[in-house]
Amino acid sequence: LIMWPTTVMEILFAGGMLSLVADMGGRFSSQLKRYGAGAVSALAVAFSLGVLASDWTKSLGPVVSLQPTTEPFATLYVADKFTTFTAFTVLVVGLAVLLYSVMYFDSGRQGPFYALFSILMCSLVGVVSAGDLLTLFLFWEGMTVSAYGLVTFGRSQLTMEAGVKYFLMAGVGSLLALYGIAGVYFTAGSIQLSVVGAALGSGFGQLGLLVLLLGLGVEAAVVPLHTWLPDVYSASSLPTASVISGAVTGVGVFALLKVLEPLVPGNGYAAVVALGSTSNLQLVLVVLALITMLVGNLSALTQGNLRRILSFSSIAQTGYMLAALSTLNLVGVVAVVFTIWNHGLLKSNFFMVLGKKNASIEESQLDRLRGVGRGNRFLGFLYASSSMAMMGAPPFGMFWSEILVVQSLLLAGQTSGVVFYGLAAAVVLNIVLSIGYYYRIINTVVFGEEQGEKDERPVSNLLPSASLLAISVLTGIAPFLILGNVL
Amino acid sequence: LIYWAWLSWVIPLLGVPLVPLASKVDSKLRGWMAVAASGLGLVAALYGAMSFGSPVTEGYTLWFPSLSVTLQVKVDQLSVLVGAFVSFVSFLVVVYSLGYMKDEPGQSRYYSLVLLFVGSMMGLVMAGNLIQFYFFWELVGVCSALLIAFWTNRPAARKAGLKAFVVTRLGDSSLLIAVIFVAATFGTTSFDAILGPTGIATLGTGTIFAVGLLMFMGAMGKSAQVPLHGWLPDAMEGPNTVSALIHAATMVNAGVYLMLRMYPVITLPQLSGALTNIILAIGLLSALVGGVCAFAADDLKRVLAYSTISQLGLMFAAIGLGSLASAAYQMISQGLFKALAFLAAGSVITALGTRSINEMGGLARIMKYTYGGFLVAMLGMSGLPPLVGFWSKDAILSSAFSAGAIQSAAVLCVFAFTALYSFRALFRVFHGKPGWTKTPKESPLTMIVPILVLAVSVLSAWAILQVQPLLSSTSWAPGASTLGASLVVLGLCATLAYFVFLPNYQKVLGAVQASRGLLGLRNFIHEGLGFDRLYVWIYSSVLRPVSTVIGYIQTGLVEANMALLLLAAGVLFVLFAVGVL
């Protein structure tokens, strides 16, 4: 039996609690106060990675559902290669961000931050491995609440505003998702993800599915549900922005994937309804994908703040993933999971590169960052490589993501309809569009004339992001490590 | 394993991380590290060219399983020849860099990127399938953009890097679609499979046309063909070595190389020449546009850049005329004489500290070796027999003669412009009245030796090239009519250039400045025939307004956002109620 979902969640939950304990221990030792909570959380995540790795080979087969009854968190989980790999993504990003946070927060009480962080990790793993809609919903709520706590952790006017916006949007999203779940349950007679396909049989079920997707789409920042994201990315502290961009947004898309996956032929589930030609559901997704990538890219073009550029670029990436998802073929699923991985690594890396200690949003203005990469060569190298990587240039992993996305669209074009050829063209042109802002980052931050602002962080501070970038390069040079063996 | 075919590109790539490490030991070591890596690559490639027996494709390991892409090298007549040529020029340029970049800051970045470029370019040449080809195709684009902006202090250089990247990526996006379409259709992109009788040839005619056209659009971006050529003149903001290596001799040839690889598809009989005619038209148009602009440009490097566009156009024209061998020959001869021209120009520019030909002149006696190199380059470019440029041009002209009157006239026109701008550059830079004030000095030995080596190869490489497997099957003996026509054009234009630019230059200049029409024409050509305005227009009147409008939508008002969300749900319910869903 594959036990990693529950074991990992228990470890992470316990890590969160223990980090609070460690934080209390800070009264007795200044070292403990400075590093204790962070170290405990990081250890928990690292330990979870180990547990995941030990179950790795068993978890790559077709869908395995498990329902351990004697455990806490006992409910229905799914462990297949996609969930395993996405959980792996979440934990890798989480570990890097935790290591970075330890350097980022050097004063004040940090226990609550790490506790929330661990619970967020726990919820993310729960969402990723949930086997039925209700489990998904519960962990979804856990994710939203802990993310809200992390966003408002700094407690400034700006973070509160962003947090409230996030909470309200996500709340309405959850509400809609709940309605959707009810609709699906009403028609399919079950909330198991594997029978979601049955809901497509009736109009009411389709409506339920769409409303559910709409609700989940808030977290994935599908336009027009994206408006919270730029505010949250720019107002929250950099570790929070880093984990939200790298893990939470990705898991948001993965939740959409989980709901739609039963409709994908050949995925290990028995496809209940054969969709045949392009369905209305697919058309809705195509339109949403197109709008999402266009709004993301075009908005990013005119931004003057690096954090806002990065947040709109995340929206654009959601658009690409949604495009791959709309094909409802297996390559599309692989493309989404692989993009979650690549985007997660790169985007959380980017926010960490951005981070001076306690940097405010004003410090991320491109004009203020001008020439920073010149004063600190290693930082400049990281800025340049991260931007290049986000553009999908080789030798970074994102290159293959884009190829996979386009591949899934062209495959769908051959089987399902001409509209997917159009979407493929839209995706590649949008990627060209995105060069406009990514390259601008290189031209101002790395190549621009120095403005007097210095960023003299020690190299150790940049190591978490550098290691994420190194993983991305490895993915780019040797994609077979993941695509052949895992996905 | 065919070791050389792998080593020729893996060695330079392995050298990339070693360059910054070498600087920890000694800062001078960086350049020598690059020389060593590219030198070893050259040895491998030359060994491959000499030991070449029969074409073979060799796979190593499964690289990208989703498209069942194997890491492959394809050793055939084309890749052997082009590979040897690319690593030869790369090696010489890296040696030249030792002198040229001596006192520049940022050498780690420079040499790492150059080695990355050399490795990627060789990887592109040796690639055995389209996906691998595209991977390296993108990588050379990245190196190109970052090297154009090498002198980051210059805003123009930064802008030029961005422009090069965007414009070439625009072309690449269509290539990407074509590549993945082929992959998705056949489950493989190995050249052997898709070019064979069971490959692309089995598709419907319209589909083949679309795939070929998409690939050609990618080639247009990389090889700077109208209207995607605007980035190349701006790319001259980069160091001279970069212009010589990337933007004259190697990377810009990648598009031509792609078309040569896909030649069996482009010329499939069921297309009845539709693709080749488009390629011919675009090629000739670019050759003419480039020729006109090169004739008018005042910046020595821009003259050479426009001439590259023109010569590349000629290669595409050769492909369009159905002459694979002459296109390949022209690609290599252009690479040789243009690299030579850039290296010689770099020597002049370093000596004088300016790129404007108005501030040059009369350098022939002062910089003898440089002059010799530039002279050979210009003679080779204008097609004087028996220099390397002559043979391919003669073959292209002869295919044009058999194709029709319009094609012949266009090709002869291109030849005329080539002679005009070559001799103009030669006369304005090295003869006539000096425009400089401080007497320049000849460049150091590390810069002169590569110039001389390239000059010798422009003079004599034809003897080696014509026995190469790819080219030896074609007869290169010039016909009487083509030889006569091209010599007449060359003689007339050289004489014209002499009279206009040497004894009577001041008079001509006065006449141009006195006439409003001529002056306007000159300025219009100076601006690159208005193509830049087109680019700016697309950005400022299409993209910018749209993104501003989208900016308004992003109000940040939580009420508005919630309303939108609920509205979306409402729309869904309505759609359901009216029965759409």
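Structure shown above.
Parameters and conventions
Throughout this document, residue positions are counted from 1 along each chain, in the order its sequence is written. Key to labels: chains lettered from A, ligands numbered from 1, both in the order written. A pLDDT threshold of at least 70 governs which residues receive local features in this predicted model, and a stricter bar of 80 or more applies before side-chain atom pairs are shown or counted, although totals over entire chains, interfaces and linings include all residues. Only hydrogens and water are set aside; all other atoms, that is, all heavy atoms of the structure, feed into the side-chain values. Only runs of H or I of at least four residues qualify as helices and only runs of E of at least two qualify as strands under DSSP, and these elements are numbered from the N terminus. In this treatment the radius of gyration is a C-alpha quantity, and the globule benchmark scales as 2.2 Å times the residue count to the 0.38 power. Think of it in three bands: residues with accessible area under 20% of the maximum for their type are buried, residues over 50% are exposed, and the middle band is partly exposed, with areas taken using a 1.4 Å probe on protein chains only. The contact criterion used is simple: two residues touch if any of their non-hydrogen atoms lie within 4.5 Å. Surface accessibility follows the Shrake-Rupley procedure with a 1.4 Å probe radius. Residue values consider only the protein chains on display as shielding. The sign given to each residue is positive for Lys and Arg and negative for Asp and Glu; His and the chain ends receive no count. Charge placement uses NZ in Lys and CZ in Arg. For Asp and Glu, CG and CD serve respectively. In the sections that follow, a salt bridge refers to a side-chain nitrogen of Lys or Arg positioned within 4 Å of a carboxyl oxygen of Asp or Glu. Buried area is understood as the total, over both parts, of accessible area removed when two parts are fitted together, assessed with a 1.4 Å probe. Here a polar contact is taken to be a pair of N or O atoms separated by no more than 3.5 Å, where protein atoms must pair a possible hydrogen donor with a possible acceptor and residues adjacent in sequence count only if both atoms sit in side chains. Cavities and pockets are found on a 1 Å grid laid over the protein atoms alone: a cavity is a set of points where a 1.4 Å probe fits but cannot escape, a pocket is an open set with protein on both sides within 12 Å along at least five of seven lines, and a lining residue has an atom within 4 Å of such a point. Grid points are joined across faces, edges and corners, and a volume is the space filled by probe spheres set on the points. Amino acid classes used here: Ala, Val, Leu, Ile, Met, Phe, Trp, Tyr, Cys and Pro are nonpolar; Asp, Glu, Lys and Arg are charged; the rest, including Gly, are polar. By this rule the span expected of a helix is its residue count minus one, scaled by 1.5 Å. Convention adopted: a line fitted to C-alpha atoms gives each axis, helices being fitted over their contacting stretch, and angles between N-to-C directions are expressed from 0 to 180 degrees. By the definition used in this description, the sense in which the near helix is turned from the far one sets the handedness, with an anticlockwise turn below a right angle giving left-handed and a clockwise turn giving right-handed. Geometry of aromatic contacts follows a simple scheme: Phe, Tyr and Trp rings, the Trp one being its six-membered ring, pair when their centres are within 6.5 Å, and the pair is stacked under 30 degrees between planes, edge-to-face over 60, tilted otherwise. By the criterion adopted, a ring carries a charge over it if an Arg CZ or a Lys NZ lies within 6 Å of its centre and within 35 degrees of its normal.

Visitor: Please set out the overall build of chain A residue by residue, giving values where relevant.
Guide: A count of helices and strands for chain A gives 20 helices and two strands. Taken against the 2.2 N^0.38 rule, which gives 23 Å for 487 residues, the C-alpha radius of gyration of chain A at 21 Å falls within 12% of a compact globule. Counting only C-alpha atoms and orienting by the principal axes, one finds that chain A spans roughly 60 × 50 × 40 Å. Taken across its 487 residues, chain A has 67% of its residues classed as buried. Once local pairs closer than 6 in sequence are excluded, the contacts in chain A between residues at least 24 apart make up 80%. Roughly 14,300 Å² of accessible area belongs to chain A as shown, and the carbon and sulfur atoms make up 66% of that amount. A gap of 6 Å separates the mean positions of the 21 positive and 21 negative side-chain charges of chain A.

Visitor: If you had to explain the pattern of salt bridges to someone new, which residues and values would you point to?
Guide: For the coordinates displayed, the defined rule picks out 14 salt bridges over all chains. Taking the shortest distance from any N to any O, the salt bridge between B:Asp234 and B:Lys163 comes out at 2.8 Å. Within this pair, whereas B:Asp234 is found in helix H9 (residues 231-234), its partner B:Lys163 is found in helix H6 (residues 155-186), the two being separated by 71 residues in sequence. Across this residue pair, the class does not change: B:Asp234 and B:Lys163 are buried. The partner of B:Lys222 in a salt bridge is B:Asp172, and the shortest N-O contact between them spans 3.9 Å. Separated by 50 residues along the polypeptide, B:Lys222 in helix H8 (residues 205-222) and B:Asp172 in helix H6 bring together distant segments of the chain. Overall, the relative accessible area of 2% leaves B:Asp172 in the buried class. A network of salt bridges, in which partner residues are shared, links A:Lys165, A:Asp231 and A:Arg308.

Visitor: Lay out the interface of chain B and chain A in plain terms, naming residues and giving numbers.
Guide: Facing 55 residues of chain B, the contacting portion of chain A comprises 65 residues. In this assembly, chain B packs against chain A so that about 5,500 Å² is buried in total across both faces, 76% of it on carbon and sulfur atoms. Counting across the interface, chain B meets chain A through two salt bridges. Its salt-bridge partner being B:Arg158, residue A:Glu449 comes within 3.2 Å of it at the nearest N-O pair. For the pair chain B and chain A, the interface holds nine residue pairs in polar contact (both at pLDDT 80 or more).

Visitor: Explain the environment of A:Pro458 residue by residue, including any values.
Guide: Residue and element names in this part refer to chain A. Tracing the backbone through its elements, the reader meets Pro458 in the loop between helix H18 (419-446) and helix H19 (459-477). Given the relative accessible area of 46%, Pro458 is considered partly exposed. With 28 residues separating them along the chain, Pro458 and Val486 place their C-alpha atoms 36 Å apart.

Visitor: Quick one: what's the story with the layout of surface pockets, residue by residue and with numbers?
Guide: Taken as a whole, the second largest pocket encloses approximately 1,200 Å³ of empty space. What lines the second largest pocket is a set of 32 residues, and nearest its centre among them are B:Leu162, B:Lys163, B:Val166, B:Tyr535 and B:Tyr539. Sorting the residues of the lining of the second largest pocket by element identifies H18 of chain A together with H6 and helix H24 (531-553) of chain B as the ones contributing at least two each. Looking at which element gives the most residues to the lining of the second largest pocket, the answer is H6(B), with 10 residues. A breakdown of the residues in the lining of the second largest pocket according to their chemical character gives 19 nonpolar, three polar and 10 charged.

Visitor: For helix H4 (residues 107-126) of chain B, give the residues involved together with the corresponding values.
Guide: With 20 residues, H4(B) should reach 28 Å at 1.5 Å per residue; the first-to-last C-alpha distance of 28 Å fits that figure. Most of H4(B) sits inside the fold, with 19 of its 20 residues counted as buried.

Visitor: I'd like a rundown of unusual backbone geometry, residues and numbers included.
Guide: Following A:Pro394, the chain continues to A:Pro395 via a peptide bond in cis, the omega torsion being 5 degrees. By the element assignment, A:Pro395 lies in the loop between helix H16 (377-390) and helix H17 (398-415). For the peptide bond that leads from B:Val226 to B:Pro227, omega is 5 degrees, which places it in the cis range. Tracing the backbone through its elements, the reader meets B:Pro227 in the loop between H8 and H9.

Visitor: So what's going on with the environment of A:Gly380? Which residues, and what values?
Guide: Residue and element names in this part refer to chain A. One can find Gly380 in helix H16. Here the alpha-carbon distance between Gly380 and Val284, two residues 96 residues apart in the chain, equals 41 Å. The contacts of Gly380, once residues within four sequence positions are left out, are Gly373 and Val446.

Visitor: Explain the packing of helix H18 (residues 405-430) of chain B against helix H21 (residues 480-501) of chain B to me, using residue names and the numbers behind them.
Guide: All names here are of chain B. Relative to each other, H18 and H21 sit at 35 degrees, their axes nearing to 8 Å. As H18 packs across H21, the resulting crossing turns out to be right-handed. Every residue of H21 that contacts H18 at Leu412, Phe415, Ala416, Ala419, Leu420, Phe423, Arg424, Phe427 and Arg428 is listed here: Ala485, Ser486, Val489, Leu490, Cys493, Ala494, Leu496, Ala497, Tyr498 and Phe501. By residue class, the composition of the contact of H18 with H21 is 16 nonpolar, one polar and two charged.

Visitor: Now, about the packing of aromatic side chains: what can you tell me, with residues and values included?
Guide: Inspection of the entire model under this criterion finds 45 aromatic pairs over all chains. Members of the aromatic cluster, connected to one another through ring pairs, are A:Phe399, A:Trp400, B:Trp6, B:Trp9, B:Tyr60, B:Trp63, B:Phe64, B:Tyr134, B:Phe135 and B:Phe136. The ring of B:Phe295 is capped by B:Arg424, whose NZ or CZ atom sits 5.9 Å from the centre of that ring.

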